[in-house]
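As a plain string of letters, each chain reads:
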Amino acid sequence: MRKIQNKLDERLNYIRSLILDMGGFVEKTIASACDLLLDKNPNPNIMHELKMREEEINTLQLRVSRVCFKILARESPVAGDLRLILAIVNANTDLERMGDLAFNIAMKVESIEKDPILDEIIHMYESMFAQVSKMVHSSLDAFVAEDERLSRKILIQDDNVDQIRDKVRKGLEDITLSHNRLIKPCIDLIIMAGELERIADHATNIAEEVIFLKTGDDIRHQDIPDQPEEEYKK
Amino acid sequence: MSDVLVKIRNLSASFSSVTVLKNINLEIPSRKVVAFIGPSGCGKSTFLRCLNRMHEEVPGADIQGQIFLEGQNIYEKHIDPVLVRRKVGMVFQKPNPFPGLSIFDNVAVGLKLMGVKKRVLYERVEDSLKQAALWGEVKNILKRQGTSLSGGQQQRLCIARALAINPSVVLMDEPTSALDPISTARIENLIRRLKEKVTVIIVTHNMQQASRISDKTAFLLSGELVEYEKTSKIFTNPSEVRTESYITGRFG
Ligand SMILES: Nc1ncnc2c1ncn2[C@@H]1O[C@H](COP(=O)(O)OP(=O)(O)O)[C@@H](O)[C@H]1O
Ligand SMILES: [Mg+2]
């Protein structure tokens, strides 16, 4: 057989690069939120910048979904190309959600009233932010390199994040029992932990997409059996 | 598992000692649609012609191996090729109704040759035209020339003609490549329904057609069977890199 110059490859590379851009924005927003929480961000314009970044992610999401829509309509991709498009469509949704969640977290952080009693817990958030950020970064690396092994590592890291979330939640619940005046920041922090954990879930989704892309195996909800071929034909 | 209708063992075929099919082994299940895909010249039509013993009609053509149809090797010495062709019907790329024959006679002629009695003839023709989803359009014009029909109708007439003699397999060699999208869709629907009665082996250059209508897909390349799998597997996650390259349009 002879190699054919494929226009589709160019388009696929283009959306891959858009996905990477989205991921980069999400990572930056997570980092800014963490800096804000630790009072490490001196930038007075930071909230404005974060808002612009969040809007940029939305624009990229639309652009990716439009390109995918056109490819599906015009190129009828099959096999690896089809799996890649499906993975991109799903990752695109995940990244947009991650962008929203990261922005919400930053907004909450900004309004949290700090108190020395919260210092220890806030220190735990630092490591949670770091882990989530690493997962997001790895999930994009795995996506672009179609690295199945890295993806499987991310699935394991997700359990760690869940554990830290449970620990901070317990700690915060205890503080609310003894310090009534801290109920408001504790609730914000509990919600924030949930949002961070959801970002990790989306990174995990992307890792699962990579496994599907590489192997054709859908590893989500493995207890649900595949639909029989006959049913598809009805 | 469905029953095996055709079993192909070590099939090789050549024209004037140029091998064009190389040691093909595969099994075709009963009452399924099986698609053959592959670049031009890879041997798809030759493969079909081996199945109804038409390959040997070409001077210098040779064939080795066995093809079992319902358990019987069709290449055994005592087997009459004409009887094989009764069991294995064929539909070609270009609709080819018999010129000079009416719509009715196009379908009836094979039955007459088989000695079907006159009083059941009409019924059998009607039946075949119904199976080919053409009856409604031609029942009032049965005396008209077959060649007066549109391209899509002519192709369905050829399918009716093939079905009339009750074959167990119908071979179709790019049956829709000369047709418009609507006629193509009609024939595709027809093929899907045909498998209630017969096995359809279809050669097509249209990947979407293969993925829409077939249960299994075989990929041939330079006379070799590269991959033969469930169609859903071939078009979502083929095992062979060469299959993937071909169906995604990266090699051809
Ligand atoms: N009648 C013939 N005489 C000699 N060579 C032939 C003849 N028919 C086909 N071939 C050769 O056999 C090979 C397979 O042809 P064919 O089965 O028609 O391929 P396909 O249907 O996949 O396009 C090709 O290389 C073709 O040139
Ligand atoms: Mg051919």
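Above this text sits the structure in question.
Residues numbered from 1 in each chain as written. Chains lettered and ligands numbered in written order. Predicted model: local features only at pLDDT ≥ 70, side-chain atom pairs only at ≥ 80, totals over all residues. Heavy atoms only, no water.

S.K.: For this particular structure, what's the right way to read the overall build of chain A?
M.R.: Each helix and strand in chain A was counted, giving seven helices and zero strands. For chain A, the succession of helices and strands along the chain, N to C, is α-α-α-α-α-α-α. In terms of principal-axis extent, the alpha carbons of chain A reach across some 70 × 40 × 30 Å. A burial count over chain A gives 46% of its 234 residues as buried. Of the contacts formed within chain A by residues at least 6 apart in sequence, a portion of 84% connects residues at least 24 apart. When the accessible surface of chain A is split by element, carbon and sulfur atoms take 51% of a total near 12400 Å². (Helix = DSSP H or I, 4+ residues; strand = E, 2+ residues; numbered from the N terminus. Buried < 20%, exposed > 50% of the residue type's maximum accessible area, 1.4 Å probe, protein only. Contact = heavy atoms within 4.5 Å. Areas by Shrake-Rupley, 256 points an atom, 1.4 Å probe, with all protein chains shown as cover.)

S.K.: It is not clear to me how the environment of Thr 19 of chain B should be interpreted in this structure. Could you clarify?
M.R.: Residue and element names in this part refer to chain B. Along the chain, Thr 19 falls in strand β2 (residues 18–29). Between the alpha carbons of Thr 19 and Ile 63 there is a distance of 9.3 Å; along the sequence they are 44 residues apart. With sequence-adjacent residues up to four places away left out, Thr 19 is seen in contact with Ala 13 and Ser 14.

S.K.: Would you explain the sheet that holds strand β6 (residues 88–91) of chain B in this entry?
M.R.: Strand pairing in a sheet takes place through backbone hydrogen bonds and is either antiparallel or parallel in direction. Residue and element names in this part refer to chain B. Judged by pairing direction, the sheet is mixed, and its six strands sit side by side in the order β6-β7-β8-β3-β9-β10 without closing on themselves. Either end of the sheet is taken by a strand with one partner, and the two such strands are β6 and β10 (224–230). Strand-to-strand twist across the sheet, computed as the mean angle between neighbouring axes with direction ignored, equals 20°. Sheet topology note: the strand β9 (residues 216–221)/β10 ladder contains six bridges and is antiparallel. (Pairing = 2+ DSSP bridges. Axes fitted to C-alpha atoms, helices over the stretch in contact; angles between N-to-C directions.)

S.K.: How should I be thinking about a nonpolar patch on the surface in this particular structure?
M.R.: All names here are of chain A. A cluster of nonpolar side chains, contributed by Ile 183, Ile 187 and Ile 191, occupies part of the molecular surface with about 230 Å² of accessible area. Residue placement: Ile 183 occurs in helix α6 (residues 183–215). Its relative accessible area of 34% is what places Ile 183 among the partly exposed residues. (Patch = residues over 30% accessible without salt bridge, like charges linked within 9 Å, V, L, I, M, F, W, Y side chains within 5 Å. Salt bridge = Lys/Arg side-chain N within 4 Å of Asp/Glu carboxyl O.)

S.K.: Any chance you could explain the sheet that holds β2 of chain B here in plain terms?
M.R.: Residue and element names in this part refer to chain B. The four strands are arranged β2-β1-β4-β5 in an open sheet whose pairing can be described as antiparallel. Strand pairing shows two members of the sheet lacking a second neighbour, β2 and β5 (72–73), which therefore form its edges. Those strands touched by helix α1 (residues 44–51) are β1 (4–15), β2 and β4 (61–69), and its axis lies near 120° from that of β1.

S.K.: Any chance you could explain the site of ligand 1 here in plain terms?
M.R.: Residues and elements named next belong to chain B. Close to ligand 1 lie Phe 15, Val 20, Pro 39, Ser 40, Gly 41, Cys 42, Gly 43, Lys 44, Ser 45, Thr 46 and Val 58. One nitrogen or oxygen atom from the main chain of Gly 43 is found 3.0 Å from an oxygen atom belonging to ligand 1. At 2.5 Å, a side-chain N or O of Thr 46 approaches an oxygen atom of ligand 1. Considered on its own, ligand 1 offers 560 Å² of accessible surface; in the complex 59% of this is hidden by protein. No other element matches α1, which puts three residues into the shell around ligand 1. (Near = heavy atom within 4 Å. Polar contact = N/O pair within 3.5 Å; in protein donor to acceptor, adjacent residues only side chain to side chain.)

S.K.: Sorry if this is basic, but what is going on with the side chain of Asp 173 of chain B here?
M.R.: All names here are of chain B. Mapped onto the secondary structure, Asp 173 falls in strand β7 (residues 169–173). For the buried Asp 173, no salt bridge exists, and the shortest N-O distance to an oppositely charged side chain is 5.3 Å, to Arg 49. Ignoring sequence-local partners within four residues, the contact set of Asp 173 consists of Ser 45, Leu 48, Met 90, Val 91, Phe 92, Gln 93 and Val 203. (Lys, Arg positive; Asp, Glu negative; His and termini not counted.)

S.K.: Which parts of the structure should I look at to understand the interface of chain A and chain B?
M.R.: Many authors give the size of an interface as the accessible area that is lost as the parts come together. In this complex, chain A contributes 20 residues to the contact, which on the side of chain B involves 21 residues. Taken over both partners, the interface formed by chain A and chain B buries close to 1600 Å², and the fraction arising from carbon and sulfur atoms is 48%. Put simply, Arg 250 of chain B and Asp 9 of chain A hold a salt bridge, and the shortest N to O gap is 2.5 Å. Counting only elements with at least two residues in the side of chain A that touches chain B, the list comes to α1 (7–37), α3 (79–111) and α7 (229–233) of chain A. Tallying contributions element by element places α3 of chain A first for the side of chain A that touches chain B, with five residues. (Buried area = accessible area lost by both parts, 1.4 Å probe.)

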